[in-house]
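Commentary on secondary and tertiary structure
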Amino acid sequence: MTRTHDTGTEMLLCDVDDGVATVTFNNPEKRNALSSEIRHALPGLLHALAADDGVRVVVLTGAGDKAFVSGADISEFAEQRTSPEARAAFDRTFADAEQGWRALTKPVIARIRGFCMGGGLLTALKADIRIAADDARFGVPAARLGLGYSFDGIEALVGLIGPANVAEMLYSARRYTAAEAEHMGLVNRVVPVDRLDAEVDALARSICENAPLTVAACKVGIREAVRDASRRDLDRHRAMVEACFDSADYREGQAAFLAKRTPRFEGR
C-alpha cells in the first residue's frame, strides 16, 4: 500500500511504496526549480525519511519530462540573494538541508531526465547513485549569472569528476550531454528514456532486498572514505559494522544461505 509523507507543500511530494520512498520535485512550470517552498520543506522531509523504518531506499526525481531540477528559482534572486542578510538566510536553507542529508543513512538514487543544472546538479550529487536518461543535460550556469559558487559545491564536484573537468564546467558554464556526463563519471550510467523507470525501479528493489544495516554501514563508510582523513568519523562506522554482526539479520543471512532460500531482512 502506498503512503505519503506530508511536506507542507505541493512542490515537494513523497510517496512510499514497499520500502521505496519517491521524492518528487514538483515545480514543472519552472522545470522543477528549487523554490523557497521546496528549500524550506526539504530538511524536514529528509529527517522524516531517516526516521522512517519502512523506508529502505530513496529515489529523487522531477515532475514531468523536462527536468530533474533545473537549478535554483532565479526569479527569487532579487529578493533572496541580493543583500548580505538575504544571502545568509538563503544559505541557511541549504545548510539545514545538508544536516538532513547527513542524517539520511539510507541509499539514495537520482532518476534524472532533462535538465539537471546548478542547484539541481548539487541535489543530484547528494544521491549515492545517479541514473540518467539519454535526454538529460547537465551544467552549472553560475558564470552566466554572475553569482559566486560555494566551496561545498566545488568540493563535491572535484571529488567526483576531478579538478580539470570541474574547471571546464564552471568556467564555460556550458551544458553537457548525458553521454559526456557518463564519460566523466558524473552519472553511473545512461539509459534510453523508455528504460529509465524500469532501470531505477529494478535497482531500488534489489537494494530493498538486502540487509538494511549492512547497506547503511556501507553508505557511511563510503561517505567517510571520501572525506579528509582529519574529518572522518571512523568510530561511527566501526559501531555500525559491529551492529551488523550483532543483528538478527546477520543470523538470517547465514540461515538463508545454508537453506538456499532468499533471506528476509528486517533491519534489526
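Below, the structure is looked at part by part. Positions within a chain are numbered from 1, following the residues in the order the chain's sequence is written. Per-residue local features of the predicted model are confined to residues with pLDDT of at least 70, and side-chain atom pairs are confined, for both listing and counting, to 80 or more; whole-chain, interface and lining totals are unaffected and use all residues. Neither water nor hydrogens contribute to the side-chain values; these are computed over all heavy atoms in the structure.

**Considerations on the layout of surface pockets**
Think of a 1 Å grid over just the protein atoms. A cavity is a set of points where a 1.4 Å probe fits yet cannot get out, a pocket is an open set with protein on both sides within 12 Å along at least five of seven lines, and lining residues have an atom within 4 Å of a point. Grid points are joined across faces, edges and corners, and a volume is the space filled by probe spheres set on the points. Roughly 290 Å³ of internal volume is contained in the second largest pocket. Taken together, 16 residues line the second largest pocket, and the ones lying closest to its centre are Val55, Lys106, Pro212, Leu213 and Gly267. Counting residues per element, the lining of the second largest pocket draws most heavily on helix α10 (residues 212-225), at four residues. The nonpolar class holds Ala, Val, Leu, Ile, Met, Phe, Trp, Tyr, Cys and Pro. Asp, Glu, Lys and Arg form the charged class, and all remaining residues, Gly among them, are polar. Taken together, the residues of the lining of the second largest pocket break down into eight nonpolar, three polar and five charged. For helices the rule is a DSSP run of H or I covering at least 4 residues; for strands it is a run of E covering at least 2, with both sets numbered from the N terminus onward.

**Description of the packing of aromatic side chains**
Working definition: a ring pair exists when centres of Phe, Tyr or Trp rings (six-membered ring for Trp) sit within 6.5 Å. Plane angles under 30 degrees give stacked, over 60 give edge-to-face, the rest tilted. A complete count under the given rule lists two aromatic pairs for this structure. Centre to centre, the rings of Phe25 and Phe68 are 6.0 Å apart; their planes meet at 70°, and the pair counts as edge-to-face. Linking Phe25 in strand β3 (residues 20-25) with Phe68 in strand β5 (residues 67-69), this pair joins segments that are 43 residues apart in sequence. Three exposure classes are used, based on accessible area relative to the maximum for each residue type with a 1.4 Å probe and protein chains only: buried under 20%, partly exposed in between, and exposed over 50%. Relative accessible area serves as the criterion here: at 0%, Phe25 is assigned to the buried category. The class for Phe68 is buried, based on a relative accessible area of 0%. Taking 5.2 Å as the distance between ring centres and 85° as the angle between the ring planes, the aromatic pair formed by Phe245 and Tyr250 counts as edge-to-face.

**A short note on the pattern of salt bridges**
Side-chain pairs of opposite charge can arise whenever the charged atoms involved come near each other. When a carboxyl oxygen of Asp or Glu is within 4 Å of a side-chain nitrogen of Lys or Arg, the pair counts as a salt bridge. The tally for this structure, following the rule as stated, stands at 17 salt bridges. Residues Lys219 and Asp128 are paired through a salt bridge, measuring 3.0 Å at the closest nitrogen-oxygen approach. Here Asp128 lies in the loop between α4 (119-125) and β8 (129-133) and Lys219 lies in helix α10, a separation of 91 residues in the sequence. Judged by relative accessible area, Lys219 falls into the buried class, the value being 9%.

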